[in-house]
Amino acid sequence: PSLPHMFGGALLFVLENIGINAIEVLGILKFAIILFSGLSMYFFAKKLFNDNSKGMMAAIFYITSSYFFVDLYVRDSLNESFIFIFMPVIFLGLYYLFEMDDYKKFYALFVVGYTMMMNCHLVMSVWFTLFLMIFILFNIKKVIRWKYLKHLILSSILILILTSTFWVPMVQQM
């Protein structure tokens, strides 16, 4: 999956013309990852707890977690670091589905978030999906209702269609 590489390359292409070199662009990209990861967690936690200060605390804890920084600065794994932006977006989409019955926001957040995450790092997307299945098992009473289940199935089909450009050739080569 190439989303972080395409984003970094596009950023380098634009900023290189104004005299910013590749190392500086990498720093800008890392700052953007931290900023957008924090913002996505803030909006999710703010909606979940219905409190700005709890949303801010959750965002601070999220972007200062040791795994986040090791991924970003020690391992320099931009692909894996990018998924930190989309995990809270996916959970916010599920919140809109299960707690608010807002299907438009669910599809916008869940499908786009999951598609972007899968376009960033496939292995971590699989691990996140396993974690998400455990989360769904804890909420099985809501999930087995047809009004929620049909939206989860449809969104899964949409995600598979939107990400088919890389998983279909991968399956073909197995």
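Scroll up a little and you will see the structure.
Description of the structure in this document. (Residues numbered from 1 in each chain as written. Predicted model: local features only at pLDDT ≥ 70, side-chain atom pairs only at ≥ 80, totals over all residues. Heavy atoms only, no water.)

**A word on the side chain of S77**
Under the convention used in this document: Segments assigned H or I by DSSP are reported as helices when at least four residues long, segments assigned E as strands when at least two residues long, and all are numbered from the N terminus. In this scheme, a residue with accessible area under 20% of its type's maximum is buried, one over 50% is exposed, and one in between is partly exposed, where area comes from a 1.4 Å probe on protein chains only. In protein, a polar contact requires one atom able to donate a hydrogen and another able to accept it; more generally it is a pair of N or O atoms within 3.5 Å, and residues adjacent in sequence count only if both atoms are side-chain atoms.
Its place among the elements puts S77 in the loop between α4 (66-74) and α5 (78-98). S77 gets classed as buried once you look at its relative accessible area, which sits at 13%. Of note is the side chain of S77, whose polar atom sits 3.4 Å from the backbone nitrogen of E80.

**Points about the pattern of salt bridges**
Our working definition: For this analysis, a salt bridge means a side-chain nitrogen from Lys or Arg found within 4 Å of a carboxyl oxygen belonging to Asp or Glu.
Scanning the entire structure with this criterion turns up five salt bridges. Salt-bridge contacts for D71 lead to R75; the nearest nitrogen and oxygen are separated by 2.3 Å. On the basis of relative accessible area, D71 is assigned to the buried category, the value being 0%. Overlapping salt bridges bring together D71, R75 and E80 as one network.

**What to know about unusual backbone geometry**
Not every positive phi belongs to a glycine, and N50 is a case in point at roughly 55 degrees. Here N50 is to be found in the loop between α2 (22-49) and α3 (52-63). Positive phi values are uncommon outside glycine, yet D101 reaches one of about 50 degrees. Mapping D101 onto the fold places it in the loop between α5 and α6 (103-118). Given the relative accessible area of 33%, D101 is considered partly exposed.

**A few points about the nonpolar core**
Which entries qualify depends on this criterion: Think of a nonpolar core as a cluster: buried Ala, Val, Leu, Ile, Met, Phe, Trp, Tyr and Cys residues, connected wherever their side-chain atoms sit within 4.5 Å. Throughout, a contact is declared for two residues whenever any of their heavy atoms are within 4.5 Å.
Formed by 48 residues in total, the largest nonpolar core has its most connected members in L94, F110, Y114, M117, F128 and L132. When contributions to this core are tallied by element, the ones reaching two or more residues are α1 (3-16), α2, α3, α4, α5, α6, α7 (122-138) and α9 (146-162). Looking at this core, the element that brings in the most residues is α5, giving 14 residues. The contacts of L132, once residues within four sequence positions are left out, are I90, F91, L94, F110 and Y114.

**Section: a nonpolar patch on the surface**
We count it as follows: Each patch is assembled from residues with relative accessible area greater than 30% and no salt bridge, linking like charges that lie within 9 Å and nonpolar side chains (Val, Leu, Ile, Met, Phe, Trp, Tyr) that lie within 5 Å. Working definition of accessibility: Shrake-Rupley area with a 1.4 Å probe, residue cover restricted to the visible protein chains.
Together, F31, L35, F36, L39 and F43 make up an exposed nonpolar region whose accessible area comes to about 480 Å². Tracing the backbone through its elements, the reader meets F43 in helix α2. The class of F43 is partly exposed, set by a relative accessible area of 44%.

**Some details on α3**
Heads up, the rule is: By this rule the span expected of a helix is its residue count minus one, scaled by 1.5 Å.
The end-to-end C-alpha distance of α3 is 17 Å, a good match for the 16 Å that 12 residues give at a rise of 1.5 Å each. Those residues of α3 that are buried lie in contact with α2, α4 and α5.

**What to know about the environment of K47**
Tracing the sequence through the fold places K47 in helix α2. The partly exposed category is assigned to K47, whose relative accessible area is 30%. For the pair K47 and L92, spaced 45 residues apart in sequence, the C-alpha separation works out to 7.8 Å. Look past the residues within four positions of K47 in its chain and what remains in contact with it is L92, Y95, Y96 and M100.

**Considering the packing of aromatic side chains**
Our working rule: Any pair of Phe, Tyr and Trp rings, taking the six-membered ring for Trp, is counted once the centres come within 6.5 Å. Such a pair is stacked with planes under 30 degrees apart, edge-to-face with planes over 60 apart, and tilted for the rest.
Under the definition given, this model contains 17 aromatic pairs. Considering the side-chain rings of F69 and Y73, the 5.8 Å spacing of their centres and the 20 degrees angle between planes classify their relative orientation as stacked. In this pair, F69 and Y73 both sit in helix α4, four residues apart, roughly one turn of the helix. Owing to a relative accessible area of 44%, Y73 belongs among the partly exposed residues under this scheme. Considering the side-chain rings of F91 and F135, the 5.3 Å spacing of their centres and the 85 degrees angle between planes classify their relative orientation as edge-to-face. Note that F91 is positioned in helix α5 and F135 in helix α7, a separation of 44 residues in sequence. The partly exposed category is assigned to F135, whose relative accessible area is 28%.

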